[in-house]
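Geometric and topological summary
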Amino acid sequence: SDGTGRVLEGIQDPITLKYYFSRTDSARFPAVKLYGSRILDLLREYERLGNGKVILEIYDPRPDSEESEWAEKYGLNPIPARSGEELFLGLAAVNALGAEQVIPVFNFARQEFLEYDITKLLYSLV
């Protein structure tokens with residue numbers, strides 16, 4: 001949207017987006033996998049339009065891995081699966097000054113506000 005474009009143009013110092021998506025473990029959960037892929041596509045678009053000021057890092061946290069530990073340190077909330085697995089679908093953003101903002105878990109009920117939520121997160125770090 002135009003508003004997102006203005007926010008991206010206003011970024012002076014790099015912002016790193018750390019996307020935690022349990023891609024491997026979500027294979028048995030089509031809704032999670034589909035939504036996670038949709039988010040990833042949008043984040044790649046932010047990176048592309050960010051002209052080097054938006055850096056995207058993608059993590060596939062597995063149980064008892066360093067990636068899952070970092071996801072928890074950032075305050076991301078795992079989605080509990082019936083099988084006992086925990087799936088991550090969240091975003092941590094860090095600016096050049098070390099300030100952090102997170103979307104602890106992307107809420108399925110807020111899918112229509114996905115761009116708004118990510119842009120708001122970026123704006124808070126500009």
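Presented here is an overview of the structure given in this document. (Residues numbered from 1 in each chain as written. Predicted model: local features only at pLDDT ≥ 70, side-chain atom pairs only at ≥ 80, totals over all residues. Heavy atoms only, no water.)

Details of the pattern of salt bridges
Considering all chains together, one arrives at five salt bridges under this definition. Salt-bridge contacts for aspartate 117 lead to arginine 110; the nearest nitrogen and oxygen are separated by 2.6 Å. (Salt bridge = Lys/Arg side-chain N within 4 Å of Asp/Glu carboxyl O.)

Side note on the packing of aromatic side chains
What the rule picks out here adds up to six aromatic pairs. Taking NZ or CZ as reference, lysine 73 lies 4.8 Å from the ring centre of tryptophan 70, over its face. (Phe/Tyr/Trp six-rings, centres within 6.5 Å; stacked < 30°, edge-to-face > 60°. Lys NZ or Arg CZ within 6 Å of the ring centre and 35° of its normal.)

Digging into the pairing of strand β2 (residues 54-59)
Working note: regular strand, side chains alternate between the two faces of the sheet. Relative to β2, strand β1 (residues 15-21) runs parallel, the two sharing six bridges. Within β2, the position partnered with tyrosine 20 by the bridge is tyrosine 59. (Pairing = 2+ DSSP bridges. Helix = DSSP H or I, 4+ residues; strand = E, 2+ residues; numbered from the N terminus.)

As for the side chain of aspartate 25
With respect to the element layout, aspartate 25 can be found in the loop between β1 and α2 (30-49). Residue classification places aspartate 25 among the buried positions, given a relative accessible area of 10%. Separated by 2.9 Å, the side chains of aspartate 25 and arginine 62 make a polar contact. Residues in contact with aspartate 25, not counting those within four places in the same chain, are Pro61, Arg62, Pro63, Glu85 and Leu87. (Buried < 20%, exposed > 50% of the residue type's maximum accessible area, 1.4 Å probe, protein only. Polar contact = N/O pair within 3.5 Å; in protein donor to acceptor, adjacent residues only side chain to side chain. Contact = heavy atoms within 4.5 Å.)

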